[in-house]
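Structural features, examined
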Amino acid sequence: MSIPSVIKIKGGSLPETPGVYLMKNAEGKILYVGKAVNLKRRVAQYWERPHGAHIEEMVPFIREVDYIQKPTAIEALILEANLIKLYEPKYNIIQKDNSSFLYLVITKEDFPKPLLMRGHELPDDAAKKFKAVFGPYTSGPALRAALELVRNVFPWSTCEPGQKRPCFYVHLKQCPGVCVNAIEKKSYQKIIRDLMSFFRGQKEKIINQYKREMKQAAKELRFEEAANLRRKIFFLEHIQDVAIIKRDDEERREHIPLSAEVPAVNLFGRIEGYDISHISGTSSVASMVVFENGAPAKAEYRKFRIKTIVGSDDVGSLREVVERRMHCSWRKPDLLLIDGGLGQVRAVESVLTKLNLRIPVIGIAKGPERKRNDLICSPEHQELCALCARFQNLLERVRDEAHRFAISYHRTLRRKRSSSP
C-alpha cells in the first residue's frame, strides 16, 4: 500500500536518503517526529504496517508530511531529538511514558562527563545541575552507538584524575588521559564543548573550526597536531553510521536474510572477535572481544590460555578456543569474526558443525602485502562476504580490538613468567 493521494508531501515526493520526517494534521500541527535511513521507504510503512496502537491511532489524522534531509543517519538521530524537545508532538510523547525516554547529560565539574539518564532520573533542576541536557531520544541503542562512534573525534572520559594506570580507552585513543593527568582542564573542556556542539547539530561549524586550527598548527610547524585535526575533519566529513544504519529504522528487529546455506546474520547483535597471540609458539593465548549494537561490550571480553596445542599452530589454537567457548553458558553470538584467512574460517566452521550450531563466520586477512583488509568467507558462503562488505569498518574495529586485547594478555603473561624465580 502506498501513501494515500490525499496526503500532501513536501515537494511532491520523498527522497531515499536519511533525514527526519514530521507528520502533520489538517491544521498543520505536528503530530509526530521520526527519523529514517530512507525517508521514502520509512514513511510509506505507516500505511503498510504501522507499529504500535499509538501509530494506528495517529495515521487517520495525518494530512501532510514534511521532512528535513540530513547527510547521515547519526545527524538525523540528533535532529529528531532536538525537534521532539522543541515541539513535544503528541504521538511521540505517548509512544512511551515520557519518564522512560533517554537523555544525554553533560556533568558540571572540572572534567565533565557525558552520561545517559532516563527521564525519571533527571532532577527537576537538571538545566542548572548539568552543563547541558540533550534529548529526549527515542532509541537507547542508537544513542549509545552514536556516542561511542563520535568518541573517535571527541575523546571524552568518564575517569577520575589521579589514577596510577591509564584506563582501557586511553589505549584506544578514545580517552585523552584524564585518569593519569595527561590533559589539562582547559584542553579537556574544549573537547566537551565540541561534543556538545555536535549534539546540537553543528557539525559543519566544528569542521570549519578544525580547518582553521589545522592551518594555524601547520603554519606554526605543529605538524602532529595538524595531522590529528586533519584526521578528525576527515572522520566528520565521511562519518560512517556503521552502528546506526538501520538500527533504529523499524526494520531493526529483523535479521538480514541470506540463502538457505547461510544462517541469518544480525550485524547489530552480538559480534564476537577472536585473535591468537604468541611469540615463536610460546605463551600462546587467545582473546575474545564482544561488540553489541556496534559498540564494545567490555564486560563480555574473555581471555584464554591455549592448553592442547604446542607450537605456533594458529588454526589449531583457534579451533580449541572456539570449542571451549561454545561449551560455555554465555549467550551465543550472532556473528563470529576471525583474525585470519580461509584456514582459520574453515577451522571454526568445522567446530560449529560438530556442535550442530548455525552461526555465520567471517575472517579478515591482511592480504599478500599486508596493506589491505580482505573479508574471507568459505566459497559456499560468499553471499555473507558481500553483505558484510557494507559494514567492513565495524568489522575492522572488532578485529583491531581483538588483536589489541590478545597482545595485552600475552605481554602480561610474559612479564609474570620473566619475574618468576
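Calculation notes
Residues numbered from 1 in each chain as written. Predicted model: local features only at pLDDT ≥ 70, side-chain atom pairs only at ≥ 80, totals over all residues. Heavy atoms only, no water. Helix = DSSP H or I, 4+ residues; strand = E, 2+ residues; numbered from the N terminus. Contact = heavy atoms within 4.5 Å. Areas by Shrake-Rupley, 256 points an atom, 1.4 Å probe, with all protein chains shown as cover. Core = buried A, V, L, I, M, F, W, Y, C linked by side-chain atoms within 4.5 Å. Buried < 20%, exposed > 50% of the residue type's maximum accessible area, 1.4 Å probe, protein only. pLDDT = per-residue confidence, 0-100. Phe/Tyr/Trp six-rings, centres within 6.5 Å; stacked < 30°, edge-to-face > 60°. Lys NZ or Arg CZ within 6 Å of the ring centre and 35° of its normal. 1 Å grid on protein atoms, 1.4 Å probe; cavity = no way out; pocket = protein on both sides within 12 Å on 5 of 7 lines; lining within 4 Å. Points joined across faces, edges and corners; volume = space filled by probe spheres on them. Nonpolar A, V, L, I, M, F, W, Y, C, P; charged D, E, K, R; others polar.

Attention now moves to the overall build of the protein. Within the protein one finds 14 helices and 14 strands. Considering only contacts in the protein between residues 6 or more positions apart, those separated by 24 or more positions represent 62%. Entry remark: accessible area of the protein is about 20,800 Å², with carbon and sulfur atoms responsible for 50%.

With 39 residues, the main nonpolar core has Phe 154, Leu 195, Phe 198 and Phe 199 as its most contacted residues. Among the elements of the structure, helix H3 (73-87), strand S5 (102-106), strand S7 (132-137), helix H6 (140-150), helix H8 (185-199), helix H9 (203-219) and helix H10 (223-237) are those that each provide at least two residues to this core. Residue contributions to this core peak at seven residues, all from H8. Beyond its immediate sequence surroundings of up to four residues, Leu 195 is in contact with Ile 106, Pro 114, Leu 147, Val 150, Phe 154 and Trp 156.

A few words now on the confidence of the model for the protein. Per-chain confidence: the protein averages 84 in pLDDT, with 86% of residues scoring 70 or above. By mean pLDDT, the top-scoring element of the protein is strand S4 (residues 64-69) (96), and the lowest-scoring one is helix H13 (residues 382-388) (78).

Moving on, we come to the packing of aromatic side chains. Inspection of the entire model under this criterion finds nine aromatic pairs. Geometrically, the ring pair formed by Tyr 21 and Tyr 46 is edge-to-face, given 5.6 Å between the ring centres and 75 degrees between the ring planes. You can see Tyr 21 sitting in strand S2 (residues 19-24) and its partner Tyr 46 sitting in helix H1 (residues 39-48), a full 25 residues away along the chain. The exposure classification of Tyr 21 matches that of Tyr 46, with both residues buried. When the centroid spacing of 5.6 Å and the interplanar angle of 50 degrees are considered together, the rings of Phe 111 and Tyr 188 count as tilted. Of this pair, Phe 111 sits in the loop between S5 and strand S6 (114-118) while Tyr 188 sits in helix H8; the two residues are 77 residues apart in sequence, bridging distant segments of the chain. Neither Phe 111 nor Tyr 188 differs from the other in exposure class; each is buried. Ring-pair connections join several aromatic residues into one group, and the members of that group are Phe 134, Phe 154, Phe 198 and Phe 199. One Lys or Arg, Arg 151, reaches over the ring of Tyr 169 and ends 3.8 Å from the middle of that ring. A cation over an aromatic ring shows up here: Arg 302 above the ring of Trp 330, its NZ or CZ 4.9 Å from the ring centre.

Looking at the largest pocket, its volume works out to about 1,400 Å³. Considering the residues around the largest pocket, the lining is formed by 47 residues, among which Asn 152, Lys 173, Asn 228, Arg 231 and Lys 232 are closest to the centre. Mapped onto the lining of the largest pocket, the elements with two or more residues apiece are H6, H8, H9, H10 and helix H14 (392-419). In terms of residue count, the dominant contributor to the lining of the largest pocket is H10 (nine residues). Partitioned by chemical class, the residues of the lining of the largest pocket number 21 nonpolar, 10 polar and 16 charged. In this structure, the second largest pocket spans a volume of roughly 350 Å³. As for the second largest pocket, its lining consists of 18 residues, and the residues nearest its centre are Arg 144, Glu 148, Tyr 169, Ala 295 and Pro 296. Broken down by secondary-structure element, the contributors of at least two residues to the lining of the second largest pocket are S6, H6 and strand S10 (295-296). Among the elements that take part in the lining of the second largest pocket, H6 stands out by supplying five residues, more than any other. For the lining of the second largest pocket, the residue count by class is 11 nonpolar, two polar and five charged.

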